[in-house]
Amino acid sequence: MAKYNHKEIEKKWQKKWNKDELYRVGEDAKKPKYYILDMFPYPSGEGLHVGHPKGYIATDIFARMKMMQGHNVLHPMGWDAFGLPAENYAIKNKVHPRVATEKNIATFKSQIEKLGMTYDWDREIDTTDPEYYKWTQWCFLKMFERGLAFESHEPINWCPGCQTGLANEDLEDGRCERCDSEIEQKPMRQWVLKITDYADRMLEDLDKLPEWSNSIREMQRNWIGRSEGAIIKFDLKSESDHNSQFSTLNSNVEVFTTRVDTIFGCTYMVVAPENPVISDQKSVISNYDEVQEYIDASKKKTELERTELQKDKTGVEIKGIKAVNPFNGEEIPVFVADYVLGHYGTGAVMAVPAHDERDAEFAKKYDLPIKQSVAQTFNGEGKNKVQKDKPMTERKTVDVILKHWEKDEYFCLDWKINNWKAFIVGGVEGEETLEEAALREAQEESGYKNMKVIGTVGQEIHSNFYAAHKQVNRNPVMRNCVYIELQDGERGELEEEHTKHHDGVWVKKDEVQDFLNLSEPKIYFDILQNGEKAFTEDGTLIDSGEFSGLKSEEAREKMVAWLEKKKLGGKKVNYKLKDWVFSRQRYWGEPIPIVHCEKCGVVGVPESELPVKLPEVKHYEPSGTGESPLATIEDWVNTKCPKCGGDAKRETNTMPQWAGSSWYYLRYIDPKNDNALVDKDKEKYWSPVDFYVGGAEHATRHLIYARFWHKFLFDIGVVNYEEPFTRLQHVGLIMAEDGRKMSKRWGNVINPDDIVEVYGADALRVYEMFMGPFSQSTAWSTKGLTGAKKFLERTWRLFEEKELIDCGGDCKDIPKELPVLLHKTIKKVSEDIEGFDFNTAISQMMIFVNEATKHERLPKEGMKKFLQLLAPFAPHMAEEIWREKLGEKESVFKSTWPKYNPKKIVEEKVEIVIQVNGKVRDKIEMDAEIDEDGAKAAALESENVQKHIEGKEIRKVIFVPGKLISFVV
RNA sequence: GCCCGGAUGGCGGAAUUGGUAGACGCGCUGGACUCAAAAUCCAGUGAUAGCAAUAUCGUGAGAGUUCGAGUCUCUCUCUGGGCACCA
């Protein structure tokens, strides 16, 4: 052995491990199993760049440690190979996608193998292999049999670039995720999977996944977008020509709302352009042409345009009809506007501009009435809390915002008792209007004479509190606010009753918010400055008939019950998640195993005839007519109906790329089984996937689909547990050195093959794990890579140049700090690999190597343990030293992972920090077990501590054993 | 707009329950070796003042709690990600 030659070593051990079948695994009841999984890659034509294997390196390190800890580890790899790029490449270069795919897989595999991975290649899978997609088709048939896969003619997302329909999950900001084309809505025949049937279960079971990050669970919750509300029927009335009276039509419109409690504030209704009520009522709509014109215009807009213009809401009143609010019988106008979406809820909403921002915007633009029905509510806290045994009184008050006659200042009251800081507030008496009361109060409390009422500010607010000085509850105080401007400074004498409790002060505009200490005046002043926004939170119902006075939540329950009793609607749950549009009009995907028979209709291909193989075609181009290229192959399309034997045609749509990846992790368990998707016993042994590692971009696509698919397989008894992935970890990207994403386009791609050639696979592995926290994205640095390489070389030299002393477990003549450090290192590296904190694990190993380098003689046993820790990170180098230098007979990966001895990481002497008033003044070495008195005595001997304590009294001593002692003087 | 993260030296990043901020690596500076360079090794490296001991300041900004705050609370700024007219 001499110089560290990575090229020789790495090739040598890769060959040897392969030959010895080191990574082959089978079911072994004696060992605990561990299934660790990488998200399998799409084998693109560009090959891997150094960022791609980051996750694979991490799982490999993890897998190796688990192996050494005695687990039976399943760590497989495969290819998600159906998809558009291969097909587009085929179109361009006239190469069959199969050929291009095979070539790409070979490239990927060779790149991955050079990194020294533990993959069991006997279990390799490829989603484009008919033996694999047979089972994808089988899953589809099972869903079809249970009504979960069905044909639909609803308009779907159509990508004009890719010439295919897409699922919602394939869009990004209204554009095609793949080619960036603007998406159109196109009605066409589609296969759809009823994923919404599983929405609630997918939502609930997120709580069973504590080892998933909160952020991804939150993302899934948002994507599923469950909202609970009510359906309400509004009867329609039409205007008769003669007397402009409205008469009841035998028809109604259903709206969906989550805020039925605001319904007394509903002042109009809006239906989506797609809502069929418009054409149904054509005969009674007096401006039908205008309405139709609006609908046509909004149909021309793409979804993107409709949402991009979201600030500017447009709409047209549908004249000749009115809707009737079932709660109060009010007749309200009906509008058509494209801010209401056809595909969500019922495609119609009750508009409550006082309590919904979008409705408010529309109402302001078209000058529609705004009517408050829910009051913002404050409840007193502490001393101000309502006391049940004291009398309850209602009271109506007005807050007065009084502006100075020439300066930008406002008149406020500084209360001597209560410490309130507020505007003038007074009761509204008898028949007084708000304005009259405000004017009277302003004059009484301020003494100024000439003032002008400008208008009211904001909505009614309710306050519930206990007024201690009167010993009654104010329950509620219904407050409003009036804005008044002084005309001049003429002022009379103030009566004593108005000065004894508070002083009047002028406060500059910018300081008013800081001055005020009560919520209600703050809200009013904010509205005066910044304009009014709809109040969209819960509160107390007002002007809502029999429901007045209820809290929003209680009101919703009672109102839904009322609707159900009267058969005018009821409870309803809606989801943002849409059913999964599952057919693609492209070639390179799994054929959907369905035939269309003239007699029998849609018939599933019998299981015995699976797989339905993808036929050879001359052209892969999409037809553009919404049919897949398969439609042109007559002898494939024309077939016999499996039911009646008559003429039938095959389904020519193919499945989306997500299909094969929705269940692939199950096939690794039993990749060659021809009789079942997976053998039941094997499935029981290996599943679930204990740990799943991959990119965050799949949080709402692959991971939604796979969870759905898995739950379906659970329901039909293929798997024995409900959630496929127990622990989930995201890989952070590796950016290029210039901070941009690595891409052919920027010319900043680094190929791992080149790095392996120059620096070695081990250096690349160590570097990528050392770059930073695993889930964080970090820029590549070739300088940083040399640091990793240097660390490996220093480690190599340790075994090359130092004298290794073989003295059993317990060496007397070696530096005593080394065993302590070793056991600390064992602890840290083991825990950090488990937690995926590789950067700190490596840093700890560096500390160990730095210390060991200082000594000439090292304990052999300890150094072996260190080598075992290093082995998962730098497997080739570790194996070389283990076998060739230390002469071990078996692979280091067959050795047993070292355990740390808790007793050995306790140091005898520790540095105790001495603080005076929280500042570090000295550090003294003491016995680790020293008690407070001992530490205190030692600390007080320090010169520097004495200097800071001198002449002062020690008031308190805080002692943290083994850490610090702190004096407060 | 809403929901999650994040902000620490020249750079990547460390820091159990609040308890020595800057571990480890890169870079930089000086030195050793060398005819010289590379490689390697040794020392130094948050800022300011000082020969030094040491002192003061310092974890995006501002307030607060505490003997003590990168860590906890509130407000704000910037930034990454997700969702977005979802009624």
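All of these numbers come straight from a predicted model, not from anything done at the bench.

Participant: Please clarify how the overall build of chain A should be interpreted in this entry.
Facilitator: What chain A contains, in helices and strands, is 29 helices and 43 strands. Put simply, chain A has 969 residues, and 52% of those count as buried. Taking as baseline every contact in chain A between residues at least 6 positions apart, the subset at least 24 positions apart corresponds to 75%.

Participant: Please clarify how the protein's contact with RNA strand B should be interpreted in this entry.
Facilitator: Taken together, the neighbourhood of RNA strand B is formed by 52 residues, with Thr 257, Thr 258, Tyr 344, Arg 358 and Gln 776 sitting nearest. Across the atoms of RNA strand B situated within 4 Å of the protein, the share located in sugar and phosphate is 65%. Here a base nitrogen of RNA strand B sits 3.0 Å away from a polar atom, N or O, in the main chain of Leu 341. Asn 839 is positioned such that a nitrogen or oxygen atom in its side chain is 3.2 Å from a phosphate oxygen of RNA strand B. Classifying every residue of the surface near RNA strand B gives 19 nonpolar, 19 polar and 14 charged.

Participant: Even after reading the chapter, I still don't get the sheet that holds strand 31 (residues 601–604), so can you show me in this structure?
Facilitator: In sheet architecture, strand pairing relies on hydrogen bonds along the backbone and comes in two forms, parallel and antiparallel. The antiparallel open sheet is built from four strands, whose spatial order is 31-30-33-32. This sheet does not close on itself; its edge strands, each paired only once, are strand 31 and strand 32 (638–640). The sheet shows a mean angle of 40° between the axes of neighbouring strands, direction not considered. Bridge count between strand 30 (residues 594–597) and strand 31: four bridges; the pairing is antiparallel. Counterpart to Cys 597 in the pairing with strand 31 is Gly 601. Against the sheet, helix 5 (residues 130–145) touches strand 30 and strand 31, its axis set at about 130° to strand 31.

Participant: Where do I start with the pairing of strand 19 (residues 392–403) in this structure?
Facilitator: Put simply, side chains in a regular strand alternate between the two faces of the sheet. In this structure, strand 19 lies alongside strand 25 (residues 472–486), joined through 11 bridges in parallel fashion. Residue pairing for strand 25: Leu 402 is matched across the bridge by Ile 484. Here strand 19 runs beside strand 22 (residues 424–427); their pairing, made up of four bridges, is antiparallel. The residue bridging Val 400 from the neighbouring strand is Ile 424, located in strand 22. Pairing geometry for strand 19 and strand 20 (residues 409–415), over two bridges, is antiparallel. Paired with Leu 402 across the bridge in strand 20 is Phe 411. Counting the residues that bridge the hairpin from strand 19 to strand 20 gives five residues.

Participant: Just checking my understanding: could you explain the environment of Ser 44 for this structure?
Facilitator: Checked against the element boundaries, Ser 44 lands in the loop between strand 1 (33–38) and helix 2 (53–68). With a relative accessible area of 24%, Ser 44 lands in the partly exposed category. Those residues in contact with Ser 44, other than ones at most four positions away along the chain, are Asn 104 and Phe 108.

Participant: It is not clear to me how the environment of Ala 422 should be interpreted in this structure. Could you clarify?
Facilitator: In this structure, Ala 422 sits in strand 21 (residues 421–422). By relative accessible area, Ala 422 is classed as buried at 3%. With 82 residues separating them along the chain, Ala 422 and Gly 504 place their C-alpha atoms 10.0 Å apart. Contacts of Ala 422, omitting those with residues within four sequence positions, involve Cys 412, Leu 413, Phe 515, Leu 516, Leu 518 and Pro 521.

Participant: Help me understand the environment of Trp 415, please; the structure alone is not making it clear to me.
Facilitator: Looking at the element boundaries, Trp 415 is found in strand 20. Distance from Trp 415 to Trp 212, taken between C-alpha atoms, is 53 Å for residues 203 residues apart in sequence. Contact partners of Trp 415, with chain neighbours within four places excluded, come to Trp 420, His 501 and His 502.

Participant: Would you explain unusual backbone geometry in this entry?
Facilitator: Only a minority of non-glycine residues have a phi that is not negative, and only a minority of peptide bonds are not trans. With an omega dihedral of -5°, the bond running from Asn 475 to Pro 476 counts as a cis peptide bond. Along the chain, the position of Pro 476 falls in strand 25. For the peptide bond that leads from Ser 687 to Pro 688, omega is 0°, which places it in the cis range. Tracing the sequence through the fold places Pro 688 in the loop between helix 19 (680–686) and strand 34 (689–695). A positive phi angle is found at Glu 21, which is not glycine, with a value near 50°. Tracing the backbone through its elements, the reader meets Glu 21 in the loop between helix 1 (6–19) and strand 1.

Participant: Help me out: how do you make sense of the packing of aromatic side chains in this one?
Facilitator: Given two aromatic rings, one states the distance between the centres and the angle between the planes to describe the pair. As enumerated under the stated definition, the model contains 55 aromatic pairs in all. Plain terms: the ring middles of Phe 327 and Trp 562 are 4.3 Å apart, the flat faces sit at 25° to each other, and that makes the pair stacked. Of the two residues, Phe 327 is situated in the loop between strand 15 (316–324) and strand 16 (331–336) and Trp 562 in helix 15 (residues 552–565); the sequence distance between them amounts to 235 residues. Considered together, Phe 327 and Trp 562 belong to a single accessibility category, that of buried residues. Ring geometry for Phe 774 against Phe 838: centres 6.0 Å apart, planes inclined by 75°, an arrangement best described as edge-to-face.

Definitions and limits used
- Every residue gets a number counted from 1 within its own chain, in the order that chain's sequence is written.
- Note on labels: chains are lettered from A, ligands numbered from 1, in written order.
- Local features in this predicted model are restricted to residues of pLDDT 70 or higher, and side-chain atom pairs are both shown and tallied only at a pLDDT of 80 or more, whereas totals for entire chains, interfaces and linings draw on every residue.
- With hydrogens and water set aside, each side-chain value is computed from the structure's full complement of heavy atoms.
- Helix and strand definitions follow DSSP, with helices as H or I runs of at least four residues and strands as E runs of at least two, each counted in order from the N terminus.
- Under the scheme applied here, a residue whose accessible area is under 20% of the maximum for its type counts as buried, over 50% as exposed, and between as partly exposed, the area being computed with a 1.4 Å probe on protein chains only.
- Throughout, a contact is declared for two residues whenever any of their heavy atoms are within 4.5 Å.
- Throughout, near means a residue has at least one heavy atom within 4 Å of the molecule or strand.
- The term polar contact refers here to a pair of N or O atoms within 3.5 Å; inside protein, the definition further demands a hydrogen-donor-capable atom paired with an acceptor-capable atom, and it admits residues adjacent in sequence only when both atoms are side-chain atoms.
- In this count, Pro and Cys sit with the nonpolar residues alongside Ala, Val, Leu, Ile, Met, Phe, Trp and Tyr, while Asp, Glu, Lys and Arg are called charged and the others, Gly among them, polar.
- Any two strands with at least two DSSP bridges between them are considered paired.
- In this analysis, axes come from line fits to C-alpha atoms, helices being fitted only over the stretch in contact, and the angle between any two N-to-C directions falls in the range 0 to 180 degrees.
- Any two of the Phe, Tyr and Trp rings considered here, Trp counted by its six-membered ring, make a pair once their centres fall within 6.5 Å; the pair's planes then place it as stacked at under 30 degrees, edge-to-face at over 60, or tilted in between.

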